[in-house]
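Geometric and topological summary
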Amino acid sequence: MSTLARRIAGLRPEVVSITKAAVDAIAPPIPHTAYAVENEGLYAAFGDDVTELAHKLLAAGIQTREGERNHERIANGI
């Protein structure tokens, strides 16, 4: 199992459930419903520790084109 798969498997069940709901809510071409589900669910489920980690990952460039290509390297370095 990859590091990313282990990381996903280690998430709290409610985070996985909310993420699945957000993905299921996406209806091209305008995914406004998905954003609402994400905002209402995921942000409420995340604590300060998750928010801090997200800020570190974003600062490390994880959502850049290059960061997407090197996701595991960046995530493992935080």
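In this convention, every chain numbers its residues from 1, walking through the sequence in written order. Owing to the predicted nature of the model, reporting of local features is limited to residues with pLDDT of at least 70; listing and counting of side-chain atom pairs is limited to 80 or more, with chain, interface and lining totals taken over all residues. Excluded from the side-chain calculations are hydrogens and water; all other atoms, namely the structure's heavy atoms, are used.

1. Quick word on the overall build of the chain
- Only runs of H or I of at least four residues qualify as helices and only runs of E of at least two qualify as strands under DSSP, and these elements are numbered from the N terminus. Counting its regular elements, the chain contains six helices and zero strands.
- Across the chain, helices and strands are ordered from the amino to the carboxyl terminus as α-α-α-α-α-α.
- Overall, the chain is about 35 × 25 × 25 Å in size when its C-alpha atoms are taken along their principal axes.
- Burial classes: relative accessible area under 20% of the type maximum marks a residue as buried, over 50% as exposed, and values in between as partly exposed (1.4 Å probe, protein chains only). The proportion of buried residues among the 78 residues of the chain is 18%.
- Residue pairs in contact within the chain that sit at least 24 positions apart in sequence constitute 38% of those at least 6 positions apart.
- A total of about 5800 Å² of accessible surface is found on the chain, and carbon and sulfur atoms cover 58% of it. Working rule for contacts: check all heavy atoms of both residues, and any pair within 4.5 Å makes them a contact. What sets the accessible areas is the Shrake-Rupley method with a 1.4 Å probe; for residues, cover comes only from the shown protein chains.

2. Considerations on helix H3 (residues 32-45)
- One less than the residue count of a helix, multiplied by 1.5 Å, gives the span that helix is expected to have. Taking 1.5 Å per residue as the helical rise, H3 with its 14 residues ought to reach 20 Å, and the 20 Å between its terminal C-alpha atoms agrees with that figure.
- Across the chain, bend at a residue is computed as the angle between axes fitted to the seven residues ending at that point and the seven starting from it. At Glu38, H3 shows its largest bend, some 30°.
- Buried residues belonging to H3 abut helix H2 (13-25).

3. Notes on the confidence of the model for the chain
- Predicted confidence across the chain gives a mean pLDDT of 84, with 92% of residues reaching 70 or more.
- Predictor confidence is given residue by residue as pLDDT, running from a minimum of 0 to a maximum of 100. Looking across the chain, the model is least confident in H3, with a mean pLDDT of 79, and most confident in helix H6 (residues 71-77), with 91.

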